[in-house]
Amino acid sequence: MPSPIGFLRQNAPWLFAGFLLTFSSSFGQTFFIAVFAGDIREEFGLTNAGWGGIYALATMASAACMVFAGGLTDRFRVRLIGPVILIGLALATTLVSLSTSIAALTCAIFLLRLMGQGMMMQTSMVAMSRWFVATRGRAISIAALGVSLGEAVLPLAFVGLMGWFEWRALWMIAALFLVVAALVMVLILKSERTPQAMARDDTSVGMGGRSWTRIEVLRHWLFWLTLPALLGPAAWNTAFFFRQVHFAEAKGWAHFDLVALFPVFSATAVTSMLLTGWLVDRIGSPRIAGLYLIPMAFGYLLIAIAENLWLGAGALVLLGASVGASSTMSAALWAEFFGTANLGRIRAMTGAVMVLGSALGPGICGWLIDQGIDMPQQAFGMSAYFVIAATLGAIGGRRAARHL
């Protein structure tokens, strides 16, 4: 296995392509959209419940589309589909800027979620899983650093820019960045890692020495044992970031002080991603399956009881540890167990589950808030959820490992 520096040098164009896609996905991720929640609600006269409903509806619609659109990564190379998705996300951010009606806003959020959280992450992770085999974990973890960088710098940067620009103008700045990113993608992927015209020409196999179809995966017990681990982080982490203003108010903290802790979360996630990528390449994903959620269980327990920002920072460290590992594991595990011939379709299905979770989490959280159960109180239940999800995932990983 090459040294870290040698690995980066030999594979720089392809690793940067994956990184650029995940960073660009930030403009369709909850942590970025939530920065504008107050302005959007004020502009369109929306209540918290109304804004949450629009967000949930648009996200669930994007999850449904992902089941079908995600399969395109099995047919087309990244050099073709990557720039198209970047331009699609640029159009979505432009539509947010120009929206003057609830209908237009809903369509814009739908496109942000589909192109950003959905197709952008899908394309990057499928590419890393196909382009790399022996160093798959390392490649996935490096590419996934993009979204962590986005979490660390974009909310703070755009909150700062709000003092200089009107909120609609900031969405146009995002669109300009994405157009430039599409041009960069075209330049760095003039030739892809393998010369074949179609994506399925370079594959590796999974359990039983074969590549599984999406229907076969859906019928397999491993999918159902890992379903809570797929759904949980997307649902409850999205809820936490989406309701960050409410959470800060419930704790009696300034919102900016809470946002200032997010780089701690991102730094931990980056460290965890890289460590998990190394572990996957060394010992395989089955041994880590499920266990990576344990820090998140303790993180939400700490969120529930934290009385000051120092404990809040500790909670974000624990959440970041699991989120970083999850970013690597959610891509590596499916490739290792089910092969890569139909990985685009398989990840489209699992990605749709995650996007669905990101729609359900804020909605459930908002409903509970309306019932008088604030976010810190809800965190006790979230902690228990991750204990159960970790146990089921660990059982599934160990049972399935016998068939590799």
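Residues numbered from 1 in each chain as written. Predicted model: local features only at pLDDT ≥ 70, side-chain atom pairs only at ≥ 80, totals over all residues. Heavy atoms only, no water.

1. Side note on the overall build of the protein
For clarity, the threshold we go by: Here a strand is any run of E in DSSP of at least two residues, a helix any run of H or I of at least four, and the numbering for each starts at the N terminus. C-alpha atoms define the radius of gyration, and 2.2 Å times the number of residues to the power 0.38 defines the globule rule. When checking whether two residues touch, look at their non-hydrogen atoms; a contact exists if any pair is within 4.5 Å.
Secondary structure assignment for the protein yields 18 helices and zero strands. Relative to the 2.2 N^0.38 estimate, which gives 22 Å for 404 residues, the radius of gyration of the protein is 20 Å and therefore close to what a compact globule would have. For the protein, the spread of C-alpha atoms along the three principal axes comes to 55 × 45 × 40 Å. Across the protein, contacts joining residues at least 24 apart in sequence account for 85% of those joining residues at least 6 apart.

2. Some remarks on the nonpolar core
For soluble globular proteins, nonpolar side chains are generally found buried alongside one another. Cut-off, in case you're wondering: Only buried Ala, Val, Leu, Ile, Met, Phe, Trp, Tyr and Cys residues count toward a nonpolar core, and they belong to the same one when joined by side-chain atoms within 4.5 Å. Burial classification: accessible surface area is computed with a 1.4 Å probe over protein chains only, and a residue below 20% of its type maximum counts as buried, one above 50% as exposed, and the rest as partly exposed.
Counting 123 residues, the largest nonpolar core has F36, W51, M128, Y300, W334 and F338 as the members making the most contacts within it. Beyond its immediate chain neighbours, meaning those up to four positions away, M128 contacts W14, L15, G18, R136, A139, I140 and A143.

3. Observations regarding the side chain of S272
Structurally, S272 is set in helix α14 (residues 262–283). Classification of S272 as buried rests on a relative accessible area of 11%. Each residue touching S272, except ones within four places of it in the same chain, is listed here: G320, A321, G324 and A325.

4. Re a nonpolar patch on the surface
We apply this condition: Residues qualify for a patch when their relative accessible area is over 30% and they have no salt bridge, like charges being joined within 9 Å and the nonpolar side chains of Val, Leu, Ile, Met, Phe, Trp and Tyr within 5 Å. Note on areas: Shrake-Rupley, 1.4 Å probe, and residue coverage restricted to the protein chains presented here. We define a salt bridge as a contact between a side-chain nitrogen of Lys or Arg and a carboxyl oxygen of Asp or Glu at a distance within 4 Å.
On the surface, L291, I294, F298, L301, I305 and F380 cluster together into a nonpolar patch covering about 530 Å² of accessible area. By the secondary structure assignment, I305 is in helix α15 (residues 294–305).

5. Topic: the packing of helix α5 (residues 48–69) against helix α7 (residues 102–131)
What counts here: Under this scheme, a helix contributes an axis fitted over its contacting stretch, all axes are lines through C-alpha atoms, and angles between N-to-C directions fall in the 0 to 180 degree range. Small angles under 35 degrees read as roughly parallel and large ones over 145 as roughly antiparallel, with 65 to 115 read as roughly perpendicular and the rest as oblique. Crossing handedness is read from the near helix: turned anticlockwise from the far helix by less than a right angle, it gives a left-handed crossing, and turned clockwise, a right-handed one. Asp, Glu, Lys and Arg are counted as charged, while Ala, Val, Leu, Ile, Met, Phe, Trp, Tyr, Cys and Pro are counted as nonpolar; the rest, among them Gly, fall into the polar class.
Where α5 contacts α7, the two axes come as close as 8 Å, and the packing angle between them is 45°. The orientation of α5 relative to α7 falls into the category oblique. The crossing of α5 and α7 is right-handed. Residues W51, I54, Y55, L57, A58, T59, A61, S62, C65, M66 and A69 of α5 touch α7, and the partners they reach there are I102, L105, T106, I109, F110, R113, L114, G118, M119 and Q122. Tallied by class, the residues present in the contact of α5 with α7 amount to 15 nonpolar, five polar and one charged.

6. Examining the confidence of the model for the protein
The cut-off we apply is this: A residue's pLDDT is the predictor's confidence in that residue, given on a scale from 0 to 100.
When pLDDT is averaged along the protein, the result is 81, and 91% of the positions lie at 70 or above. Within the protein, the element-level pLDDT minimum falls on helix α1 (residues 4–10), averaging 69, and the maximum on α15, averaging 92.

7. Observations regarding α15
For clarity, the threshold we go by: One less than the residue count of a helix, multiplied by 1.5 Å, gives the span that helix is expected to have.
Helix length check: α15, at 12 residues, gives a terminal C-alpha distance of 17 Å against a target of 16 Å (1.5 Å per residue), a fit within 8%. Burial in α15 covers these residues: M296, A297, G299, Y300, L302, I303 and A304.

8. Considering the packing of aromatic side chains
Selection criterion: Pairing of aromatic rings covers Phe, Tyr and the six-membered ring of Trp, with a centre-to-centre limit of 6.5 Å; geometry is then stacked below 30 degrees between planes, edge-to-face above 60, and tilted otherwise. A ring has a charge above it when a Lys NZ or an Arg CZ is no more than 6 Å from the ring centre and no more than 35 degrees off the ring normal.
Applying the stated criterion across every chain yields a total of 20 aromatic pairs. Their ring planes at 70° and their centres at 5.3 Å tell us that F241 and F265 sit as a pair that is edge-to-face. Linking F241 in helix α11 (residues 221–242) with F265 in helix α14, this pair joins segments that are 24 residues apart in sequence. Comparing F241 with F265 shows no difference in burial state: the two are buried. Among the aromatic residues, those joined into a ring-pair cluster are F23, F27, F32, F36, F158, W171 and F177. Taking NZ or CZ as reference, R399 lies 4.1 Å from the ring centre of W221, over its face.

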